[in-house]
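What the coordinates show
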Amino acid sequence: LRVERLDAVRRQSAERVDLRAEAEAADLGIELRCGLRIAGEVAGIDGRMNSLVEVSFLFNQGQLAYRAGEYMKSVDFLGRAALLDPKNARVLYRLGRALTNAGDDVAAPERFLEMKALGSNSGEPERGLAYLYRYSDPNQAMRYALEATAVDPKNHHNWNCLGIIQ
């Protein structure tokens, strides 16, 4: 009877050890899956951060070229930034303005219309279109300048544009 009882205790102890080992293995599996998921998320964040830094760099270089009157160089930098971040309204506006000053009357309005489609409520797309058409179609330029002031009447750039167009 003692031997049977001793064997039963040993079996129960072995079963507990097996259950504990299974639980620890399951915990390690969960930890491993969580660790891999977190590593993937960190890699994604790292990639997005690198992209944001690159967009920022390209935007700044495009701005410098724009201010220096090097519009094609500006278009190159800003175009690459727009490829990396196609929903960046600042990049699209500045790219549209650089294209306007470079004389590309086909691509420039496309950038402003893309910006407008993003839901911009600053009047910038309309203002960009007003500047684009100020020499080639003054009536259309005036319509866009008025639209810019209607979209955002508090934006002084919109009123300045209207003054320039008139």
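To start, this report covers the structure provided alongside it. Residue numbers run consecutively from 1 along every chain, following the written order of its sequence. Side-chain atom pairs in this predicted model are given and counted only at pLDDT of 80 or more, local residue features only at pLDDT of at least 70, and totals for whole chains, interfaces and linings cover all residues. The basis for every side-chain value is the complete set of heavy atoms in the structure, and neither hydrogens nor water enter the calculation.

**Focus: the overall build of the protein chain**
Which entries qualify depends on this criterion: The helix count covers DSSP runs of H or I at least four residues long, the strand count covers runs of E at least two residues long, and both are numbered beginning at the N terminus. Burial classes: relative accessible area under 20% of the type maximum marks a residue as buried, over 50% as exposed, and values in between as partly exposed (1.4 Å probe, protein chains only). Working rule for contacts: check all heavy atoms of both residues, and any pair within 4.5 Å makes them a contact. Using a 1.4 Å probe, accessible areas were evaluated by the Shrake-Rupley method; residue-level cover was limited to the displayed protein chains.
A count of helices and strands for the protein chain gives seven helices and zero strands. The order of helices and strands in the protein chain, counted from the N terminus, is α-α-α-α-α-α-α. Within the protein chain, the proportion of its 166 residues that are buried is 32%. Taking as baseline every contact in the protein chain between residues at least 6 positions apart, the subset at least 24 positions apart corresponds to 47%. Of the roughly 10800 Å² that the protein chain leaves accessible, carbon and sulfur atoms contribute 56%.

**A look at helix 3 (residues 89–102)**
Defined as follows: By definition here, a helix of n residues has an expected span of 1.5 Å times n minus one. Polar contact is the term for a pair of N or O atoms within 3.5 Å; when the atoms are in protein, one must be able to donate a hydrogen and the other to accept it, and sequence-neighboring residues count only if both atoms are side-chain atoms.
Along its 14 residues, helix 3 runs 20 Å from first to last C-alpha, staying within 8% of the 20 Å computed at 1.5 Å per residue. Of all the 14 residues making up helix 3, ten are buried; the element is thus mostly covered by neighbouring parts of the structure. Regarding helix 3, its N-cap is Asn-88, as a side-chain oxygen of that residue lies 3.1 Å from the backbone nitrogen of Arg-90 further along.

**Observations concerning the side chain of Asp-152**
Where we set the bar: Neither His nor the chain ends contribute to the count of charged residues, in which Lys and Arg are positive and Asp and Glu negative. Any carboxyl oxygen of Asp or Glu within 4 Å of a side-chain nitrogen of Lys or Arg constitutes a salt bridge here.
Along the chain, Asp-152 falls in the loop between helix 6 (138–151) and helix 7 (156–165). The buried charged residue Asp-152 lacks any salt bridge, with Arg-127 as its nearest oppositely charged partner at 7.1 Å. Leave out the neighbours within four places in its chain, and Asp-152 touches Asn-121, Ser-122, Gly-123 and Asn-158.

**Regarding the pattern of salt bridges**
Under the criterion given, the structure shown has eight salt bridges. A salt bridge links Lys-116 to Glu-126; the shortest N-O distance between them is 3.7 Å. Taken together, the residues span a long stretch of sequence, with Lys-116 in helix 4 (residues 107–117) and Glu-126 in helix 5 (residues 124–133) at a distance of ten residues. Given a relative accessible area of 31%, Lys-116 falls into the partly exposed group.

**A short note on the packing of aromatic side chains**
Put simply, the rule reads: Pairing of aromatic rings covers Phe, Tyr and the six-membered ring of Trp, with a centre-to-centre limit of 6.5 Å; geometry is then stacked below 30 degrees between planes, edge-to-face above 60, and tilted otherwise.
All told, the structure shown has three aromatic pairs when counted by the stated rule. On the basis of an interplanar angle of 55 degrees and a centroid distance of 5.9 Å, the ring pair of Tyr-93 and Phe-112 is categorised as tilted. With a gap of 19 residues between them, Tyr-93 in helix 3 and Phe-112 in helix 4 connect regions that are remote in the sequence. Taking the relative accessible area as the measure of exposure, Tyr-93 reaches 9% and is therefore buried. When the ring of Tyr-133 is compared with that of Tyr-144, the centres are 6.0 Å apart and the planes differ by 15 degrees; the resulting orientation is stacked. Residue Tyr-133 is found in helix 5, and its partner Tyr-144 is found in helix 6; the two are separated by eleven residues along the sequence. Here Tyr-133 and Tyr-144 have matching classes, each one buried.

**Comments concerning the side chain of Arg-94**
Relative to the helices and strands, Arg-94 resides in helix 3. Buried and unpaired, Arg-94 has Glu-124 as its nearest opposite-charge partner, separated by 7.3 Å.

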